[in-house]
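# Examination of the molecular architecture
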Amino acid sequence: QVQLVESGGGLVQPGGSLRLSCTASMSDTSILSMGWYRQAPGKQREAVAMIISDSNSIYLDSVKGRFTISRDSAKNTVYLQMNSLNPEDTAVYYCRANTLAGHYWGQGTQVTVSS
């Protein structure tokens, strides 16, 4: 069983930045990859970024160059640095961990981009 605890969401003005954090309760060595998804009202959940290793990460096209995913294995934590935010980034952001036993979700954190 993996528990994921997210933090860092909030309200930010267009052009601003936020950093999301997600800490996993199990050993990082058991986690194959971690990622961030988001779901806006009335829309399907979509993958935003995923990190497989320090040199291997993938991004949703609309966030490339603005968002950066990273991980601190010693802290079992993955981060999502979000810069140049715009109203289209408004959503609930979810952390996901993929393991051999299956995948696990965090509870979600709200990100609202508005002036």
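See the structure shown above.
Presented here is an overview of the structure given in this document. (Residues numbered from 1 in each chain as written. Predicted model: local features only at pLDDT ≥ 70, side-chain atom pairs only at ≥ 80, totals over all residues. Heavy atoms only, no water.)

## Thoughts on the pairing of strand β10 (residues 102–105)
As defined by bridge partners, strand β9 (residues 91–99) adjoins β10 across 4 bridges and the pair is classed as antiparallel. Residue pairing in the sheet places T99 in a bridge with G102 of β10. (Pairing = 2+ DSSP bridges. Helix = DSSP H or I, 4+ residues; strand = E, 2+ residues; numbered from the N terminus.)

## Overview of the sheet that holds strand β1 (residues 4–7)
Spatially, β1-β3-β8-β7 is the arrangement adopted by the 4 strands of the open sheet, whose pairing is antiparallel. What marks the edges here is a single partner per strand, and that holds for β1 and β7 (67–72). Taking the axes of each pair of neighbouring strands and ignoring which way they run, one obtains an average angle of 15° across the sheet. The pairing of strand β3 (residues 18–24) with strand β8 (residues 77–82) spans 6 bridges and is classified as antiparallel. Bridging across to β8, R19 finds its partner in Q81. (Axes fitted to C-alpha atoms, helices over the stretch in contact; angles between N-to-C directions.)

## A word on the state of the cysteines
All chains considered together, the criterion is met by 1 disulfide. Disulfide pairing is shown between C22 and C95; the S-S distance is 2.1 Å. Across the S-S bond linking C22 and C95, the dihedral sits near -80°, which makes this disulfide left-handed. Of the two residues, C22 is situated in strand β3 and C95 in strand β9; the sequence distance between them amounts to 73 residues. (Disulfide = S-S within 2.5 Å.)

## Some details on the environment of R66
Its location among the elements puts R66 in the loop between β6 (56–59) and β7. Distance in space between the C-alpha atoms of R66 and S84 is 6.1 Å, their sequence separation being 18 residues. The contact partners of R66, leaving out residues within four places of it in the chain, are Q81, M82, N83, S84, L85, N86 and D89. Within the structure, R66 has its side chain in polar contact with the backbone oxygen of S84 (distance 2.9 Å). (Contact = heavy atoms within 4.5 Å. Polar contact = N/O pair within 3.5 Å; in protein donor to acceptor, adjacent residues only side chain to side chain.)

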